[in-house]
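Fold and geometry: a report
Here is how the chains run, residue by residue.
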Amino acid sequence: MKKIFAIGALLLASVAMSAQPQLTKDNIDDVLNAMTLEEKATLLVGSGWGSMTAGSMTASATALVPGAAGTTRAIERLGVTQAVLADGPAGLRISPTRDNDPDTYYCTGFPVGTVMASMWDPALVKELTTAMGNEVLEYGTDVLLAPGMNLHRNPLCGRNFEYFSEDPFLTGKTAAAYINGVQSNGVGVSVKHYAVNNQEVNRMQNDSRVSQRVLRELYLKGFEIAVKEADPWTVMSSYNQLNGEFTQQSYDLLTTILRDEWGFDGIVMTDWGTKEGTVKAVKAGNDLMEPGAQVEIDRIIAAVKAGEITQEELDRNVRNMLEYIVITPRFNKYKYSNKPDLKAHAELVRKAAPEGMVLLENNGALPMKNVKKVALYGTGSYDFIAGGTGSGNVNKPYIRNVAEGLTVNGLEVNKNIQTWYEQYIALAKTNLRNNGSGSGVLLGDPVISEMEVSREFIEKMEPATDIAIFTLSRNAGEGGDRYALDGDWTITGQERQLIQNLADVYHAAGKKFVVVLNIGGTIETASWKHIPDAILLAWTPGQEGGYAVADVLCGNAYPSGKLPMTFPVNYLDIPSSANFPYNYKDVQSGAWDFLWGGPQRQTKNVDYTEYAEGIYVGYRYFQTAGVPVSYPFGHGKSY
Ligand code: BGC
């Protein structure tokens, strides 16, 4: 009797098991109906910082793809798999090495967003991001957290290099090409940071105050084009507030505009941080909280029980999540190789980068003719900046510098100068590591400040060389804005002196002098641009940067970029400079703690930023007001 009872119980249990639907593309409703409240809440919240174990941190054995930014949670009972999300935008950002694993997982360092926009060539952008998306797929990742498409409202925004342009149309078109390329691989993107996230200072809390007209015409326009033309799988809601409401909690932004007006049918996920208003975010149409915390699950459950979140609202978001999960490669058991063709992608980057390099000036110096021996100055010549810092940094296998590039193009780099720089850079890097600032993978490529070079030294080197080249470098990244000061937006006295001395000495000998700008955003050029014979704006064009620069200098590639933003004469000429937190760090005795939230204050440009310039961003202002610029939007020479 007992035995029969036990068999019966077993049978019942297996019937119950088999009655549990296993998620497929065709039974989303069944799965939704079978889910408990707890499971639904779980699906709306990412699996936490632990899923990340990013960059320099030790790769956790449990992480699906170590170094990825986050994952969604699985519900095994119903066959709901996890999805892996990783940065973006200059390539895939995952840990390059793993514990107890001899293999490496480097990703190609592609040209940054600003370089892609400088190409004005959607087909080429798509070609690049098709290769990028292939790495996303082959490394077992489902979504690339990119492109970054906030407008260059002000040149000091620390993340402008990740973004495209001061112009919403160019931004939208470049983004659409970017998205189409990545997604052609059957993986997704997350268009970010939606919206009006145009400064890094206090980015978690700052309130962007913008009129409806300006929102529609400028700050939302690029997103609108991207959504309508490229159908991104996901959108990332930003950290900041917009007109007093967190964007990730704005029904207007996430549902009325994004879905109802533009027809977006993917999921919205938050940028990486836990905020108080989880309930409001769910109701607004923010489907996924990233990176996710238990407290958010608890809040959702409690709010559904209390009737604050309706069943309909909950199910709407859960359905979005299920519809998204069934299209991910991981759900579809894609057998990724962990072996994308990095060599082919590197070749593509080298070929494409010159298309985004802007020849600002050329007084007959380029392409170089009758040049064999090069006097190569500037730390960036030997320690090239491939991309910006922060989550936009890619763990690339190497970075080609200008010295290597000139050598492979058959030229001779003066050894005395090279050795001196290399020793200086090695020492500077050791110092950086020793004081703890140069080690983290998150940090990315640091700029080594310029070396003191005397006029006597230049004079001594000149007879043995045919031309002088100076690479001037800047870098910036997530978590901080740039300064309108020497060494950042303006050049230092030391750099100015070096430019002048190089020009004087080489011109006196009837030889040319060229400046290469290895920078992620605009700098001051008006006061010194007449000194060199040519200025090549190389930007931060990815891991093959030094090769691509040399290809251009030697005439084996053509500089074809056009500026996607204005280079003003003075920083204060820019209307938004009246409402941007420039130089704030100095005023605040170097403290950056307000970046991550902090006591409630109402400090201009730190807690709220008035977009008082309205539509007068970039060329819209300079052209209308007739204010002279150093280089206009769209400027760029070629051979
Ligand atoms: C950044 C995002 C990034 C995310 C995940 C955030 O701090 O703002 O752009 O995708 O981290 O790394």
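Here the residue numbers are simple positions, counted from 1 along each chain's written sequence. Selection of residues for local features in this predicted model requires a pLDDT of at least 70, selection of side-chain atom pairs for listing and counting requires 80 or more, and totals for whole chains, interfaces and linings are taken over all residues. Just so you know, side-chain values use all the structure's heavy atoms and leave hydrogens and water out.

So, about the overall build of the protein. Where helices and strands are cited, they refer to DSSP runs of H or I of at least four residues and of E of at least two residues respectively, numbered from the N terminus. Across its full length, the protein carries 21 helices and 20 strands. Look at the contacts in the protein between residues 6 or more apart in sequence, and 79% of them connect residues 24 or more apart. Each accessible area value is a Shrake-Rupley result obtained with a 1.4 Å probe; residue values ignore everything except the protein chains displayed when judging cover. Taken as a whole, the protein presents about 23500 Å² of accessible surface, with 53% of it coming from carbon and sulfur. Between the mean site of the 56 positive side-chain charges and the mean site of the 71 negative ones, the protein shows a separation of 2 Å. Residue contacts follow a heavy-atom distance rule, with two residues in contact if any of their heavy atoms lie within 4.5 Å. Only four residue types enter the tally: Lys and Arg on the positive side, Asp and Glu on the negative side, with His and both chain ends excluded. Charged side chains are reduced to one point each, which is NZ for Lys, CZ for Arg, CG for Asp and CD for Glu.

We now examine the packing of helix H5 (residues 122–138) against helix H13 (residues 342–352). Relative orientation of the contacting elements H5 and H13 amounts to 155°, with a least axis distance of 11 Å. Between H5 and H13, the crossing angle belongs to the class labelled roughly antiparallel. The crossing of H5 and H13 is left-handed. Between H5 and H13, the contacting residues are Leu124, Glu127, Leu128, Ala131, Asn134 and Glu135 on the first element and Leu342, His345, Leu348, Val349, Lys351 and Ala352 on the second. Charged means Asp, Glu, Lys or Arg here, nonpolar means Ala, Val, Leu, Ile, Met, Phe, Trp, Tyr, Cys or Pro, and polar covers whatever is left, Gly included. Residue composition of the contact of H5 with H13, by class: 7 nonpolar, 2 polar and 3 charged. Between N-to-C directions, angles span 0 to 180 degrees; the directions come from axes that are lines fitted to C-alpha atoms, helices contributing only their stretch in contact. Geometric relationships in this document are graded by angle, where less than 35 degrees denotes roughly parallel, more than 145 denotes roughly antiparallel, 65 to 115 denotes roughly perpendicular, and other angles denote oblique. Crossing chirality is assigned from the near helix's rotation relative to the far helix, an anticlockwise turn below a right angle marking it left-handed and a clockwise turn marking it right-handed.

Attention now goes to H5. In this scheme, a helix's expected span is set at 1.5 Å multiplied by one less than its residue total. For H5, spanning 17 residues, the distance from its first C-alpha to its last is 24 Å, which sits close to the expected 24 Å at 1.5 Å a residue. Among the residues of H5, Leu124, Val125, Leu128, Thr129, Ala131, Met132, Gly133, Glu135, Val136, Leu137 and Glu138 are the ones counted as buried. Next to the buried residues of H5 lie helix H4 (113–119), strand S5 (143–145), helix H6 (168–183) and H13. For every residue, the accessible area obtained with a 1.4 Å probe (protein chains only) is divided by the maximum for its type, and the residue is called buried under 20%, exposed over 50%, and partly exposed between those limits.

A separate point is the sheet that holds strand S15 (residues 467–473). Here we have 6 strands laid out as an open sheet, ordered S12-S17-S16-S15-S13-S14, and mixed in their pairing. Lying at the two open borders of the sheet, with one neighbouring strand each, are strand S12 (358–362) and strand S14 (412–413). When DSSP finds two or more bridges between two strands, those strands count as paired. Examined bridge by bridge, strand S13 (residues 373–377) and S15 share 4 bridges and lie parallel to one another. Looking at S15, one finds that Leu376 is bridged to Ile469. Most of the contacts of helix H16 (residues 415–434) go to S13, to which it runs at about 25°, and overall it touches S13 and S14. The strands touched by helix H18 (residues 493–508) within the sheet are S13, S15 and strand S16 (512–518), with S15 carrying the most contacts at an inclination of about 170°.

A separate point is the side chain of Gln241. Relative to the helices and strands, Gln241 is located in strand S9 (residues 241–242). Taking the relative accessible area as the measure of exposure, Gln241 reaches 17% and is therefore buried. Those residues in contact with Gln241 that lie beyond four places of it in its chain are Gln205, Asn206, Asp207, Ser208, Phe246 and Thr247.

Being near a molecule or strand, for a residue, means having at least one of its heavy atoms within 4 Å of it. As a matter of local geometry, the ligand sits amid 13 residues, with Asp87, His193, Tyr239, Asp271 and Glu478 nearest to it. Two N or O atoms form a polar contact when they lie within 3.5 Å of each other; inside protein one atom must be a possible hydrogen donor and the other a possible acceptor, and for residues adjacent in sequence the pair counts only when both atoms belong to side chains. Take Asp87: an N or O atom from its side chain is 2.5 Å from an oxygen atom of the ligand. Between the ligand and the protein, one listed contact pairs an oxygen atom with a side-chain N or O atom of Tyr239 at 2.7 Å. Isolated, the ligand exposes 320 Å² of accessible area, and the fraction of that covered by the protein chains is 95%.

Right, let's talk about the pairing of strand S4 (residues 101–104) for a bit. Of the pairings in the sheet, the one linking strand S3 (residues 97–98) to S4 comprises 2 bridges and is antiparallel in character. By the bridge assignment, Thr97 is partnered in S4 with Thr104. Counting the residues that bridge the hairpin from S3 to S4 gives 2 residues, and of these Asn100 lies at a positive phi of roughly 50°.

Two kinds of site are reported from a 1 Å grid over the protein atoms alone, namely cavities, where a 1.4 Å probe fits but cannot get out, and pockets, open sets with protein on both sides within 12 Å along at least five of seven lines, and residues are called lining when an atom falls within 4 Å of a point. Grid points are joined across faces, edges and corners, and a volume is the space filled by probe spheres set on the points. On inspection of all chains with the given rule, the structure shows 5 cavities of 30 Å³ or more. Each pocket or cavity is described by its volume, and for the largest cavity that value is around 130 Å³. In this structure, the largest cavity is lined by 14 residues; those nearest its centre are His152, Pro155, Glu166, Met565 and Thr566. When grouped by side-chain class, the residues that make up the lining of the largest cavity number 5 nonpolar, 7 polar and 2 charged. Reported here for the second largest cavity is a volume of approximately 80 Å³. What lines the second largest cavity is simply Pro155, Cys157, Gly158, Asn160, Phe161, Arg474, Asn475, Ala476, Arg482, Asp488, Gly520 and Gly521. For the lining of the second largest cavity, a count of residues per class yields 4 nonpolar, 5 polar and 3 charged.

By definition, a salt bridge exists where a carboxyl oxygen of Asp or Glu is found within 4 Å of a side-chain nitrogen of Lys or Arg. The tally for this structure, following the rule as stated, stands at 33 salt bridges. The salt bridge partner of Lys280 is Glu245, with a shortest N-O separation of 2.7 Å. Of this pair, Lys280 sits in helix H10 (residues 278–284) while Glu245 sits in strand S10 (residues 245–246), and the two are 35 residues apart along the sequence. Overall, the relative accessible area of 26% leaves Glu245 in the partly exposed class.

Here a pair means two rings of Phe, Tyr or Trp (six-membered ring of Trp) with centres within 6.5 Å. Their orientation is stacked below 30 degrees between planes, edge-to-face above 60, and tilted elsewhere. The final tally for this structure, using the stated rule, is 16 aromatic pairs. Judged by centre distance (6.1 Å) and plane angle (65°), the rings of Tyr194 and Trp262 are edge-to-face. Note that Tyr194 is positioned in strand S6 (residues 188–194) and Trp262 in the loop between helix H9 (251–261) and strand S11 (267–270), a separation of 68 residues in sequence. Ring plane angle 70° and centroid distance 5.1 Å describe the contact between Tyr621 and Phe622, whose orientation is recorded as edge-to-face. The exposure class of Tyr621 is partly exposed, given its relative accessible area of 22%. Counting every residue linked through ring pairs, the aromatic cluster contains Tyr377, Tyr382, Trp420, Tyr421 and Phe457. Two limits define a charge over a ring: the Lys NZ or Arg CZ must be within 6 Å of the ring centre, and within 35 degrees of the ring normal. Directly above the ring of Tyr611 sits Arg153, whose terminal nitrogen or CZ lies 4.0 Å from the centroid. Sitting above the plane of the Tyr398 ring, Arg400 keeps its charged end 3.9 Å from the centroid.

This paragraph deals with helix H8 (residues 221–230). For H8, the buried fraction is high: 7 of the 10 residues fall into the buried class. Looking at H8, one finds that the buried residues are Gly222, Phe223, Glu224, Ile225, Ala226, Val227 and Ala230. Tucked inside the fold, the buried residues of H8 contact H6, S6, helix H7 (212–219) and H9. Asp231 sits one or two positions beyond H8 and adopts a positive phi of about 50°.

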